Structure formats: C-alpha cells, structure tokens
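Reading the structure
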Amino acid sequence: MRKRISGYIFCSALLLATGSVNAQNTSTAGTDAKISAIIKKLTLEEKIAMVHASGLFSSAGVKRLGIPQLVSDDGPLGVREEIKPGWASANLLTDSATFFPNGSALAATWNPELAYRYGHDMGEEARARNKQIMLAPAFNIARTPLCGRTYEYYSEDPFLNSRLAVASVKGIQSQHVAACVKHFAVNNQEVERDFISVNVDERTLREIYLPAFKASITEGGAWTIMSAYNKLRGVYCSENDYLLNKILKGEWKFKGLVMSDWGGTHSTVNAANHGLDLEMGSGEKYDAYFFAKPLLDSVKAGKVSVKTIDAKVRRILWVMYQTSLSANQPKGSMATPAHGKTAYDIASESIVLLKNAKHLLPLNTSAIKSIAVIGDNATHTFHLGGFGAGVKAKYEITALAGLKNRLGNKVNIKFAQGYSGVYIPTKDNHMGDDYNHSDSAMVTQAVAVAKSTDMAILFVGANRDYESEGRDRKDLSLPFGEQTLIDAVTAANPNTIVVVVGGAPYDIGAIKKNNHTIVWSWYNGSENGNALADVLIGKINPSGKLPFTFPASLKDSPAHALDAYPGKDHKVDYKEGILVGYRWYDTKNIDPLYCFGYGLSYTDYDYDGLYADRKAYKTTDNITATIKVKNTGKYAGKETVQLYVHKSGSAVERAEKELKAFKKVWIAAGQTATVSLKIPVKDLAYFDATKMKWVVEPGKYKLLAGTSSKDVKQTTTVNIN
C-alpha cells in the first residue's frame, strides 16, 4: 500500500509539474488515416446510428467494421451501478464501486494531487467496467449558494476550479477513459434549467464561467465535453454555435466530441450544424431522436451536409482511438484498498475546522469516558439519494461507525437519532414542503443521552435527498428542525461539538454565535466516518479550506442582492458581472459568515517575508513570489498558502482581489517552509470585450498572501511594463 501511494505521488506530481502530453494535439497521421479510411467505408445510415444514443448510456458501433459501441457512465461520485431502461438498478452483484467524496469536498482539499488521484482511481474503476467515457468532472461556478448541484461542483472561483479540473481530467484519462467535462456552460442553477436563458456579458463569461472549461481542454486535454441544459443568450447550449463551434472547436482547438446532456437536445438541423456531435437521452425510442431518422432525413433534404456528419463521426472515432481502440490499455480495477485510501485522503483533507474556541479538539481521549453521538447524519449514508447520479458503494463508513472504530474499546459511545432526515420533495425547489419541524420525542431522548455523557458530538446538516440535481433550495436554513435540537443538546451538555454535514453553504450563524466547537464535513465517500474520526481525535490535523463563501444572510450573496436569481420569464441576467463569490464580498466590503478559503488547524502558522523575484516584469514573464511559513504550534499539519492579486487604478472594474496561485504544504511542528508560487503575467489580464482579446494593464500590482480571502498576512508590490 505504501509503495502504491508513493508511486501515485511521484506520478501525479510529475504530471502536474510538467503537464501530460495533450491528446488534443497529438493525433498521429496514422490515426487520422485510419479514421478517414473507416469513414469512407461507412454508409450514411451507419454514420447516423453512431451520433445518437442506442441505449441509456451507449451509442451504436458498426459491427461489420469492428467499431465498438461507445459506452459512458455517470460520475462524479464514482462509477454508477448498471442501470436497466427506466433507470432501475440491474441488481447485479459485480458493480459495487468506490464512493468518492463529492465535488465541493474535493475542492475543499485545495490539493490538485488528490484531484489527480481521484480521477486516476475512478478511471481505473471505469476501465474495469468497460466504460469509455466518465461523465465527470463537473465544475460549474457556485454562483448562488442555493444551487442543488453545488455539492457536485467545485467552487465559486475559476482559478481553483481550473487547477482541480485539469488534474481530475488527467487522472481519468491516464486510464484510457475519456473525461467528460460538464456542463458547458453557465449551468449555475437548477430552477428552470431546461428553459432558462442566461444573459451574461462577454467579459464575465470569459473571466468567470469559461476558464475551468478552457483549462480542462487546453491543459488537461479532455476528450469529451457535455453541453448544458440551459440557454446562453437565447440559444440552447446544445445548439449554440458561439459556444460549440467558435469558442470550443475554433479558439480552443477541441478535437474530441460534444455530447448532449440526457434529453438536452432540442432540434435536428440547428444542433447538427452548430456543434453537437452526439445526442444522448433517456427515452427508448432511439429511432425518433433528433439525431436519428430526423437527421437522416435532413441530410437527404440537403439541410445538413454529409461533410458535417463525417466531422461528427470523425470526432467519435478519435475518442475511440484514445479509449476502446487505443493500444496498451490498462486492465482496470474495482473498489481496491488503494482506491479506499484515496477516498480517505480526500475526506481527511477536506474537513474544515470552523471554530475551536475551547480547544476541545483534538479530543483528549484519555480524559473522556463517555460520548453522546447525536443526529441522523451520524448514521446516514450519502452514496445514494436525490435525483441524479449516485454510487452503489461497496461500503460506506458512517460517522458513528468511524467513531466506534477508533474509540469503541476506550469510550462508551451512546447514540440518539435526534431528528428524522427523511425528505421526500413534493414540488420543485422545496416549495410547499413541510420539512423543518423537530420531533419533540427525539429531542427529549437526545437531551437525556447528552446529559448522561462527558461530551456530545452532534451531527446535523443536510443529506443527498435534500441537496439534489433538478431543484434548488428555497433558502439557507438548516432542515429537519435541527436548530431546535442543537439548542437543546448544547444546553444539556456544555461540551458539545457540532459537526455540520453538507455540500453547500447553510445559515449556521446561530451555531457560530452559540457554540464553541464547529466542524464542517461533506458527503465524504466510502471512508467518511474513519476520516472524520481521525480528524476529531487528532490523528489528522484538519487542513480543509472553504471553497466558497458562506453568506451571513442570503441577501448578501450577489445574485440575490441584485434580484438576479432565479430570473423571470425564463430569463436571468447575471447583473453582478465579474463580482461572483468573494470578489463581491471583498469589493463591496460585506462581511460574510465564513469567507472563501477559510479553515482552522490544530496548530498555528506565521507568515513572513513575502517577496517577488523581480521588481518589474514583461507580459511574457512569470512572477515567482516566495514566502516563509512557520508552524508555531505543537502539531504537524498542512497549510494552504493563498496568493491573491489586487490592481488599483484600473481602466476597468476590478475585484478587490483575485486568487491567482495557491500551494498546499506540509510543515512539521516548529519548522519553517519556504513556499514559492508562480503567476504567469498573462494571468493578470482582463478580457476586453470590445477588442475581444485579453489585455494586461501596465502598472503596479499588489500581491497578497494569506490563509483566506479575508486573512491577508503579507503583501508586496510588482510592476508590469
């Protein structure tokens, strides 16, 4: 196991440092010739059969020419179980998989190496299951904290998203499995996602919503991409010529295939001519799909050219030559101990220590004889739930099981459920749902258990039924009457630790005010309970940092402050422009509940001596900033050094600061690490929508190093000539 993990580290570090060979640019003449020869042998009917679904997760091959079908599988929590038509489980005994932590958990690690391992291991499992395309990673920007898929996505910041997306894509594709990055583009809400038209200015589109997609293609070399359900500027993303042809295939030179989301195709001729390559869907009448008989008829009528069809088939075959028709294919493996270790490492580095005012953590287990573990989330599992992709986990360690694994032979652990986490929606976006009431009998029982023990660990928050694809939350409040339970248990036992589980921001202002010890956890995969227990007992020093801002009030969040969510008449204007997430809070001087990048440790870090390698730079240069970080406490730990940039006196509106580099480093107690971070000067550019190009303004730029977007420890200034 140790050898396997160290090999991981070497391999992923090498890839992240040097960049893997970009398959966008390495299609050999031999492969192109093979593809051209195949296309010449195909009938028009065979070509049409290849560009639409022939099964729930597959499109047709051509048996007579040895062309296999193209099979995809749901991500991004892991490889989904086999599904029968109608979305029912096939009930096999061979399709259990590793449950990987959710997207915002991965983002909370701030660790691209772990993102690579996540992709690598999921790719191994997809390869073992004979899947050519993994529908992952998903990394749309967290524009509103209410979005039902925030748990699945990464963060509110395009740079953090980009670094993790590139690593994830490289990891998946190292196993000759295509990563399908999604959802392209501006799919930032689930309310009316099938109809909503997003109006966003060009600069905002380029600076906030497209960078991670661009990086996943131009740096990560992603082989497939999924169009979003929504419209951009009045045109569905699945038939958006500007997005798919001009930007993706034109500017970014994307060589792979564009597939629709399931049921996300809305026309035949427009979709065919404007960049969609493969239509996927849930219905079984595959011959009636837009890209089936209607497309065949459109070609015969001269509305779509054979050349256009050939281009789609070429892209599909190109993906096959990277995957099912590639040489030296890895064997793959399912739910191995190594994959469990990756899930554990991601979970343990994602957990965020929000408050530790009484220093109850790490637990002094030698002085504790009994612990009350309270809350449905202590025993709830998260591999399945809600609408959308889940995993039939081979195993999932709950929080209660993890604590018993670590403390069961030393400490008397008593459990009380505290509340019911059962949630069955009656309408979209929780409207009309009566879900936020406490159960007095359960609360009474929990209080009795809390009074009878030395301390209480209270598990609250949401679950995968409550946070779900297909609907947004109504507000930021905790569900299931949890605040009543929290208040009662806290009053009953002053040594109460609150663990909040969720994939998106919640209003935990009352907890922050009234409780001294708060931990934030996630839908944290197969090893959830073990990782959490190890953080609580101090085997792991928490190093998670929040990947998005927690607003003190929903009206402080930019889209909500400007009445720019969820939109009206199937239209939504992104009025906040580039001021998304912390950019808004910092620029408008609004204090959030918890800021972007925030996270405490069991130790303390001092920052000192930030300097840049030069005073002045040209636009073709790289800035290298160096800072010393000393661990002044008693525990070794990992610290994420965040480097932001501020430009004053700009010709255009700028955010107060923007994240431009970060690095996670391990520092032994009492030791000092010298941390160097690199910023290409070109990354300081803004997008000039008038000239349609990136512009680096000359002048002074301030570099700000710190532990979060609010906690800046050191600054220095550089000049750009």
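A few points on the structure. Numbers given to residues run from 1 along each chain, matching the order in which its sequence is written. Confidence filtering applies because this is a predicted model: local features only for residues at pLDDT of at least 70, side-chain atom pairs given and counted only at 80 or more, and all residues used for totals across whole chains, interfaces and linings. Hydrogen atoms and water are omitted, and side-chain values are computed over all heavy atoms in the structure.

Under the DSSP-based scheme used, a helix requires at least four consecutive residues in state H or I and a strand at least two consecutive residues in state E, with every element numbered from the N terminus. Each helix and strand counted, the protein chain has 20 helices and 27 strands in total. Against the 2.2 N^0.38 benchmark of 27 Å for 721 residues, the protein chain shows a C-alpha radius of gyration of 25 Å, consistent with a compact globule. Each principal axis of the C-alpha distribution contributes one length, and for the protein chain these read about 80 × 65 × 55 Å. The proportion of buried residues among the 721 residues of the protein chain is 62%. Working rule for contacts: check all heavy atoms of both residues, and any pair within 4.5 Å makes them a contact. Considering only intrachain contacts with a sequence separation of at least 6, the fraction spanning at least 24 residues in the protein chain is 77%. For the protein chain, the computed accessible surface area is about 25,900 Å², with 51% contributed by carbon and sulfur atoms. Working convention for charge: Lys and Arg count positive, Asp and Glu count negative, and His plus the chain ends are omitted. Every charge is mapped to an atom, namely NZ of Lys, CZ of Arg, CG of Asp or CD of Glu. Positive and negative side-chain charges of the protein chain, numbering 86 and 71 respectively, have mean locations separated by a distance of 6 Å. The quantity called the radius of gyration is restricted to C-alpha atoms. Its globule counterpart is 2.2 Å times the number of residues to the power 0.38. Relative accessible area decides the class of each residue, using a 1.4 Å probe on protein chains only: under 20% of the type maximum gives buried, over 50% gives exposed, and in between gives partly exposed. Surface accessibility in these figures is a Shrake-Rupley result with a 1.4 Å probe; residues are shielded only by whichever protein chains are displayed.

Looking now at unusual backbone geometry. Ala-185 follows Phe-184 through a cis peptide bond whose omega is 10 degrees. Tracing the backbone through its elements, the reader meets Ala-185 in the loop between strand S5 (178-184) and strand S6 (197-199). The amide bond that connects Tyr-565 to the next residue, Pro-566, takes the cis arrangement and shows omega of 0 degrees. Mapped onto the elements of the fold, Pro-566 is located in the loop between helix H19 (558-561) and strand S17 (571-573). Its identity as a non-glycine residue notwithstanding, Asp-569 has a phi of 55 degrees, on the positive side. Within the secondary structure layout, Asp-569 lies in the loop between H19 and S17.

A pair of strands is considered paired only if DSSP assigns at least 2 bridges between the two. Across the sheet, six strands lie side by side as S11-S16-S15-S14-S12-S13; this open sheet has mixed pairing. Of all the strands in the sheet, the pair left with one neighbour each is strand S11 (352-356) and strand S13 (412-416). Strand-to-strand, the axes of this sheet are offset by a mean angle of 20 degrees, without reference to chain direction. Judged from the five bridges that link them, strand S12 (residues 370-374) and S13 form a sheet pairing that is parallel. Among the inter-strand pairings, Val-373 is bridged to a residue of S13, identified as Phe-415. Fitting a line to C-alpha atoms yields each axis, with helices limited to the stretch in contact; the angle taken between N-to-C directions then spans 0 to 180 degrees.

Attention now moves to empty space enclosed by the protein. As defined here, a cavity is a set of points on a 1 Å grid over the protein atoms alone where a 1.4 Å probe fits but cannot get out. A pocket is an open set with protein on both sides within 12 Å along at least five of seven lines, and residues line them when an atom is within 4 Å of a point. Grid points are joined across faces, edges and corners, and a volume is the space filled by probe spheres set on the points. Applying the stated criterion to the full structure yields five cavities of 30 Å³ or more. In this structure, the largest cavity encloses a volume near 100 Å³. In terms of lining, the largest cavity is formed by 13 residues, of which the most central are Ala-142, Pro-145, Glu-156, Thr-549 and Ser-557. Considered class by class, the residues forming the lining of the largest cavity number seven nonpolar, four polar and two charged. Along its surface, the second largest cavity is lined by Val-645, His-646, Lys-647, Arg-654, Ala-655, Glu-658, Lys-660, Leu-684 and Tyr-701. At the level of elements, strand S21 (637-646) and strand S22 (658-667) are the ones that each hand at least two residues to the lining of the second largest cavity. Ten residues, namely Ala, Val, Leu, Ile, Met, Phe, Trp, Tyr, Cys and Pro, are considered nonpolar, four, namely Asp, Glu, Lys and Arg, are considered charged, and the remaining ones, Gly among them, are considered polar. Split into classes, the residues belonging to the lining of the second largest cavity amount to four nonpolar, one polar and four charged.

This part is about the nonpolar core. For the purposes of this section, nonpolar cores are sets of buried Ala, Val, Leu, Ile, Met, Phe, Trp, Tyr and Cys residues that join through side-chain atoms within 4.5 Å. Ranked by internal contacts, the top residues of the largest apolar core, which has 191 residues, are Phe-184, Met-259, Leu-363 and Ile-508. No other element matches the eight residues that helix H12 (residues 306-322) contributes to this core. Setting aside anything within four residues of it in sequence, one finds Ile-508 in contact with Leu-354, Leu-478, Val-500, Trp-520, Phe-550, Leu-593 and Tyr-594. Counting residues in hydrophobic clusters, the runner-up holds 26 residues, among them Ala-673, Val-675, Ile-679 and Val-681.

So, on to helix H18 (residues 528-537). Among the 10 residues of H18, nine are classified as buried, and the element is accordingly described as predominantly covered. Those residues of H18 that sit buried are Asn-528, Gly-529, Asn-530, Ala-531, Leu-532, Ala-533, Asp-534, Val-535 and Leu-536. Of the surrounding secondary structure, the elements contacted by the buried residues of H18 are helix H13 (337-350), helix H14 (399-407), strand S14 (455-461), strand S15 (496-501) and strand S16 (517-521). With its phi angle positive at about 95 degrees, Gly-538 sits one or two positions after the end of H18.

In this section: the side chain of Thr-268. Tracing the sequence through the fold places Thr-268 in the loop between strand S10 (257-259) and helix H10 (269-273). With a relative accessible area of 12%, Thr-268 lands in the buried category. We call two N or O atoms a polar contact when they sit within 3.5 Å, provided that within protein one can donate a hydrogen and the other can accept it, with sequence-adjacent residues counted only if both atoms are side-chain atoms. One polar contact links the side chain of Thr-268 to the main-chain carbonyl oxygen of Phe-290, over a distance of 2.9 Å. Apart from residues no more than four positions distant in its own chain, Thr-268 is found in contact with Phe-290, Phe-291, Pro-294, Leu-295 and Ser-298.

Here Lys-618 is to be found in the loop between strand S19 (616-617) and strand S20 (622-631). Residue Lys-618 is classed as partly exposed on the basis of its relative accessible area of 48%. Once the C-alpha coordinates of Lys-618 and Ile-720 are considered, the two residues, 102 residues apart in sequence, prove to be 5.9 Å apart.

Moving on, we come to the side chain of Gln-132. With respect to the helices, strands and loops of the structure, Gln-132 is situated in the loop between helix H5 (112-128) and strand S4 (133-135). The exposure class of Gln-132 is buried, given its relative accessible area of 9%. Those residues in contact with Gln-132, other than ones at most four positions away along the chain, are Gln-69, Leu-70, Val-71, Val-177, Ala-178, Thr-323 and Ser-324.

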